[in-house]
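Observations on the model geometry
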Amino acid sequence: MLKLAFTRDKPTSPHEVAVAFLRRKELLAVLIGVTLAGVPMGAFNLWLNYFIEQQGQDEVAAVARRSVAMVDARVARLVDGLNDLAQRGIDSCRSADIEALREANFAITSIKELSIIDPAGETLCTDLGLPVGDRKVVSSQPLTADAAFAIEVVSLGDGREGMIRIRRVGNGIANALAALAPTELLVPQIIFQGSPLKSDATLTTRNGFLLASNGVGRSNEDESGRFVAAAQSERYQLEALIHLAREQVWAAYRRLHTVGTVVGSAIALAIVGFALALPARRRGDPIAEIERALAAGELVPFFQPVVDIMTGRLRGAEVLIRWRKPDGSLVLPGAFIPLLESSGLIRDVTRALMRRACDEVGAAYSRRPHLKIGFNLAAAHFSDDTIVRDVRDIFESSPIHLNQVVLEVTERQPLENLTLARRIVMALQDLGASFAIDDAGAGHGGLSYMLKLGVDIIKIDKMFIDAIGTDRNSATIIETLIELARNLRMDIVAEGVESFEQVVFLRELGVRAAQGYVFSPPLPAKSFLQLVEAIDPSQASDQPTAAAA
Ligand code: C2E
Ligand code: CA
Ligand code: CA
C-alpha cells in the first residue's frame, strides 16, 4: 500500500517576485492617494477663488447701484426745488424773487447757488446777490428723457473750479432757473465692507459725457486688476461707473482664504489617511486577498494519484488546489472555491493551476504518455468557450499532451445551458481531452442529465464508497453505475477509497480505477514525482532493466 507523508516546497523565487510586485502596487496606491489628495484641495481653492471673484463682482455692482441711487436722490432734491420755484413764478432778478431763491437755497442745502438764466444762457443773477463773474458752460446734456432739465458742467472764474449745474430748460422765451452744485455732491461715495477704498467712481451722462469723478485710483492700473460695474439711473440720463481694486476685495476675504486652506488641508489629510489604510483594508477583503494570493503564486496544485486496482499501476492523478499561505499553512479548497466561483476568479485560477501543473509534472508526464491528469472545472467554465481556448493554448505546446488531459465536471452543480455545455465538451474532446462526471450519483438525479454531455468517465462519489459493507442500497447504486458505464462504453473511477475492504469489493464488481487515502492523499508536486518514479520508473531509466529482462 502506498502511503506518503507530504513534504512542503519552499517558496519559489517567482513567488517572491510576485509578492514584491504586490508591495510595489501598495506603494503605488499610497502615491496615487497622495496625488489625489491635492485634487480636493485644488478644487476647494478654485471654488474659493471663484467665490471671491463672484463676491467682488457682486459687490462692485452693488456699489454702482448704491451710487446711482444716491446721485438720483440728490439730483431729485435740486429738480424738485427748481420746479417748486418755477411754479411760484420765480423767474426774475427782482428782490422778491432773489429772496425766494435764497430761502430755497437754505432749504435745499448743499448747493452753491440758485440762479436766473436768460434765454440766451447768460446767468442774470444768483441768490447770493453777488456779481456773477466769469462762468463757462463746458458741456450741456439732457438730464431727463423729455429734456425739460439739462445737466451741465460749468467752470467758474479762471476755470479752476468745476461745477455741476442743473438747469430747468425754459421755453426759449422766458428766463430759466438753475442750481449750481459742487461736483463732489454728485460723486458717488464708495464704502466697501465698512471702509472707504481704492476705487474709481465716475458719473457720466448716458451718452458718456463725463460729469464728475473722484479721481482716486484712476491710475494706469490695467482692467484685470479691478472689478468694474456700471449702473444707470432710472429717473435721469445718468450712469455711474465703478472700478474696485481687486486686491481690496481679496484682502477683505483673506480670513475666508485661511479657512479654505485649513479645510482643504483637512480633506487632503483624510484622503492620504484613506490611501494609507487602503492596502490594510484590502487585506480584509477576501476577494482582494485571493487575487493577491494568485499573483503571489500561493494557489498551488496538489496531485492525488489514481491507481489501477487490478494491476497496482499508476493511471495518473487528479489536480486538487491548495492555498499555501506564506507561513506554510495549507488551506483546503472548500474554504475558498465557492468564493472563486462566485467572483468569477475561478477561470484565472484554473488557468494558473493548469500552467503550474505543466511546469511541475510536465517532464514526468511527457515520458509517460499513458498517465492522465485531471482538472476540476466549475459551472462558470461552461458559460462560453474560453475554456476551450485556454486548454488548447496551455496544452498544445506543453510536455503534457492534450490526450492526457481529463476535465472533471461535477454533478452537484447544475449547468445552465446544456446545449452550450455539450458543444464545449465536444470541442475539448476534439482537441483530445477526455471528460469525467465527478461526484456521480450525488447530484440528486442529475446523472441522466449530465450523461447528455457525452462524457468519457464516471467518478463514483465517495458517499457510495463509504457505504460499502454497511448499506445494501449503496452497493446496488454502484452496480447500476458500473452497468451504465459499461453500456455507454465509459470508464469508471471510484473516489474516496479509504480501506482495503473497499478495494476488494470494487475489484470484485469489476471497477478498475480508484483514488483515495488508502493509496495516497493529494500530494505536493515533489512528493507526487517521487511516487511516480517509485511505482512507474521512467522509460529512460527503465530501458537497461527492460533490455536485461
Ligand atoms: P473532488 O473533486 O470530489 O475532490 C476529491 C476530494 O476528496 C478532495 O478534497 C480530496 O482531497 C478528497 N479525498 C480524496 N480521497 C479521499 C479519501 O480517501 N477520503 C476522504 N475523506 N477524502 C478524500 P479536496 O482536495 O478538499 O477538494 C474538495 C473539492 O474542491 C473537490 O472535490 C473539488 O470539487 C473542489 N476542487 C478542488 N480543487 C479544485 C480546482 O482546482 N477547481 C475546482 N473547480 N474545484 C476544485
Ligand atoms: Ca474532482
Ligand atoms: Ca468528487
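A brief structural summary. (Residues numbered from 1 in each chain as written. Chains lettered and ligands numbered in written order. Predicted model: local features only at pLDDT ≥ 70, side-chain atom pairs only at ≥ 80, totals over all residues. Heavy atoms only, no water.)

**Some thoughts on the site of ligand 1**
Neighbouring ligand 1 are 21 residues; Q304, R322, K462, E498 and Y517 lie closest to it. For ligand 1, a nitrogen atom lies 3.1 Å from a polar atom in the backbone of I321. In the environment of ligand 1, an oxygen atom lies 2.7 Å from a nitrogen or oxygen atom belonging to the backbone of Y517. In isolation ligand 1 exposes 790 Å². Once the protein is present, 80% of that is buried. (Near = heavy atom within 4 Å. Polar contact = N/O pair within 3.5 Å; in protein donor to acceptor, adjacent residues only side chain to side chain. Areas by Shrake-Rupley, 256 points an atom, 1.4 Å probe, with all protein chains shown as cover.)

**Examining the sheet that holds strand β6 (residues 176–182)**
Taken together, 6 strands build an open sheet; the order of strands is β2-β1-β6-β5-β4-β3 and the sheet is antiparallel. What marks the edges here is a single partner per strand, and that holds for β2 (123–126) and β3 (135–142). Between one strand and the next, the sheet's axes are offset by a mean angle of 30°, whatever the strand orientation. As judged from the 7 bridges shared by β3 and strand β4 (residues 149–156), these two strands associate in the antiparallel manner. The residue bridging V137 from the neighbouring strand is V154, located in β4. Sheet strands in contact with helix α2 (residues 95–108) are β1 (113–117), β2 and β6, and its direction is about 145° off that of β1. (Pairing = 2+ DSSP bridges. Helix = DSSP H or I, 4+ residues; strand = E, 2+ residues; numbered from the N terminus. Axes fitted to C-alpha atoms, helices over the stretch in contact; angles between N-to-C directions. Contact = heavy atoms within 4.5 Å.)

**Some points on the packing of aromatic side chains**
For any pair of aromatic rings, the description rests on two quantities: the centre-to-centre distance and the angle between the ring planes. Inspection of every chain in the model, using the stated rule, returns 4 aromatic pairs. Residues F303 and F528 carry aromatic rings whose centres are separated by 5.2 Å and whose planes lie at 10° to one another, so their mutual orientation is stacked. In this pair, F303 is assigned in strand β13 (residues 299–308) and F528 in helix α15 (residues 525–535), connecting sequence segments 225 residues apart. F528 matches F303 in its accessibility class, with the two residues each being buried. Seen in terms of ring centroids, F375 and F395 are 5.8 Å apart; in terms of plane orientation they differ by 50°. Their pairing is tilted. Here F395 lies in helix α9 (residues 386–396) and F375 lies in strand β16 (residues 372–377), a separation of 20 residues in the sequence. Note on F395: relative accessible area 1%, which makes it buried. (Phe/Tyr/Trp six-rings, centres within 6.5 Å; stacked < 30°, edge-to-face > 60°. Buried < 20%, exposed > 50% of the residue type's maximum accessible area, 1.4 Å probe, protein only.)

**What about the state of the cysteines?**
Counted under the stated rule, the structure contains 1 disulfide. Across a sulfur-sulfur distance of 1.9 Å, C93 and C125 are joined as a disulfide pair. Between C93 and C125, the S-S dihedral sits near -95°, and the bridge is therefore left-handed. With a gap of 32 residues between them, C93 in the loop between α1 (13–87) and α2 and C125 in strand β2 connect regions that are remote in the sequence. Residue C125 is classed as buried on the basis of its relative accessible area, which comes to 11%. (Disulfide = S-S within 2.5 Å.)

**Considering the coordination of the calcium ion (ligand 3)**
Distances from the calcium ion (ligand 3) to its protein donors, D438 (OD), D439 (OD), E495 (OE) and E495 (OE), fall within 2.2 to 2.6 Å. Between the donor residues of the calcium ion (ligand 3), the gaps in sequence give the motif D-D-x55-E. A gap of 4.1 Å separates the calcium ion (ligand 3) and the calcium ion (ligand 2), which D438 links by coordinating each metal. Placement of the pair is D439 in strand β18 (residues 434–440) and E495 in the loop between β20 (491–494) and α14 (500–509), with a sequence separation of 56 residues. Among the residues examined, D439 registers a relative accessible area of 11% and is labelled buried. Judged by relative accessible area, which is 10%, E495 ranks as buried. (Donors = N, O, S within 2.8 Å, 3.2 Å for Na, K, Ca; no water.)

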